[in-house]
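Residues per chain, in single letters:
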Amino acid sequence: MTHADGRNMLTTAQAAARLGVKPETVYAYVSRGLLTSTRLPGVRGSVFDVDEVEALAGRDTARRTDIGAVERIRTRITLIDDGHLYYRGRDAVELSSRTFESVAHFVWTGELLDATRFVADPVVVQRCRDALGLMAPNCRSIDRIRIAVDIASTYRPMRFDTGSTSVVREAEQLLVTVAAALGRGSADLPIAESLWDAITSDETDPNGLTVLQAALVLMSDHGLAASTLGVRVAASTRANLYSVVAAGLGCIDGPLHGSAADPVIRFMSSAIDDPIGALATHLRSGERVPGFGHVIYTDRDPRAEELLRLLRDPAHGADPTVVAAADVVIEEVSNRFDTFPNSDFALATFTLAYGLRADTPETVFAFARIVGWTAHALEEYDEAPLRFRVPGIYTGTRPGSY
């Protein structure tokens, strides 16, 4: 957030996280004159000047951060605050009713346009489809995305230009090309329609496209997640956008990140006919019910709330049996364990409610996150290159000890 005089400000929680202390300690610093607290209209609690917080943090960490500091990443892209997700100061839930292309352009440039279209080269789309046709029939969609990104890059000789105008142009081409390559229809389709074509069958209710469009927007960025940090490290070496996205795809391809919805799919598949019975069986095993809670949100995941709200709307054609089972699970788990459904739960419910490909959550997550990765690459290209050189602590055998 920004003060009226132009200074960048941090909330108490953000200042505490940067300093590695509890919020109570932040106020102790204020009482000792080490920090200055400020109040802003419409903001709960005190806020603190970024530079002042950084100066205080530097007292204890200067020696450690001289050769690179991963934690010193300033960004204007995404804010997660008080149970809300914001892209460049706009609520992501409110933006989710807009087209994916419009929001992508906004996340990259700060310019929100009503009519935004990305155009693919049909020749390149076909080359990507040809390559995907050589892959194993039952391979995962994230593997298809990875190959499509690599093939598309070879047709973009100017991809090494890391200027903002060029990067935005490349990102537009990349998104629309990969989406069209995954789908079966015309290369001229909007991105959400191409992706919908890739994850559905001919019998799938087309009204689910509205939910997919919202999901793509809501998954576009989530701050400095593991894959986004990997992207920024790659961008700091001045890797081109396609290589940067490849770095993100590599980081996201794991059971604790991009594939986190897989256990939710398995659990909810067993819960559709008898949610109470499925819960009882799962709890008997002593395992945590997947798809609940979050390391950042404390009371609610706004992405999950919005997607589940859309799924409950009969106009969107979701299977009411699946939605009803999900609601039973949410009520039971939330009441018993004081928790809430997260985006993995919502994406799994979305997948089952429309009979989509089993890897749809991972597909939506990985594809949508290309938007955020591009935005972070754009920011990182403006920073000093090769700034991430974290000091390691050697624990091996010392020289001369043999």
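See the structure above.
What counts and how
- Residues numbered from 1 in each chain as written.
- Predicted model: local features only at pLDDT ≥ 70, side-chain atom pairs only at ≥ 80, totals over all residues.
- Heavy atoms only, no water.
- Helix = DSSP H or I, 4+ residues; strand = E, 2+ residues; numbered from the N terminus.
- Rg over C-alpha atoms; globule rule 2.2 N^0.38 Å.
- Buried < 20%, exposed > 50% of the residue type's maximum accessible area, 1.4 Å probe, protein only.
- Areas by Shrake-Rupley, 256 points an atom, 1.4 Å probe, with all protein chains shown as cover.
- Lys, Arg positive; Asp, Glu negative; His and termini not counted.
- Charge placed at Lys NZ, Arg CZ, Asp CG, Glu CD.
- Pairing = 2+ DSSP bridges.
- Disulfide = S-S within 2.5 Å.

Colleague: So what exactly am I meant to see when it comes to the overall build of the protein here?
Modeller: The helix and strand inventory of the protein stands at 18 helices and six strands. In summary, the protein has a C-alpha radius of gyration of 23 Å against a globular reference of 21 Å for 402 residues, a match within 12%. Viewed in the frame of its principal axes, the protein has a C-alpha envelope of about 65 × 65 × 55 Å. Burial statistics for the protein: of 402 residues in total, 51% are counted as buried. Of the accessible surface of the protein, which amounts to about 19,100 Å², a share of 52% is contributed by carbon and sulfur atoms. Of the charged side chains in the protein, 40 are positive and 52 negative, and the gap between their average positions amounts to 7 Å.

Colleague: Could you clarify how one ought to interpret the pairing of strand 4 (residues 78–81) in this entry?
Modeller: The two faces of the sheet receive side chains in turn, since in a regular strand these alternate between them. In the sheet, strand 4 pairs with strand 5 (residues 84–87) via four bridges, with the strands oriented antiparallel. Note that in strand 5 the partner of Asp81 across the bridge is His84. Turn length for the strand 4-strand 5 hairpin, with the two strands adjacent in sequence and antiparallel, is two residues, and the turn residue Asp82 shows positive phi of about 55°.

Colleague: Teacher, can you tell me more about the pairing of strand 5 here?
Modeller: Burial along strand 5 is one-sided: the face carrying Leu85 and Tyr87 is buried and the face carrying His84 and Tyr86 is not. With antiparallel pairing between neighbouring strands as the criterion, strand 5 and strand 6 (residues 90–91) make up a hairpin whose turn holds two residues, including Arg88 at a positive phi of roughly 50°.

Colleague: It is not clear to me how the sheet that holds strand 4 should be interpreted in this structure. Could you clarify?
Modeller: Sheet strands pair via backbone hydrogen bonds, and the direction of the pair is either parallel or antiparallel. Pairing within the open sheet is antiparallel, and its three strands lie in the order 4-5-6. Of all the strands in the sheet, the pair left with one neighbour each is strand 4 and strand 6.

Colleague: Help me understand the state of the cysteines, please; the structure alone is not making it clear to me.
Modeller: As used here, a disulfide is simply a covalent bond connecting the sulfur atoms of two cysteines. Applying the stated criterion to the full structure yields zero disulfides. Sulfur of Cys139: no disulfide; nearest cysteine sulfur belongs to Cys128 and is 14 Å away. The buried category is assigned to Cys139, whose relative accessible area is 12%.

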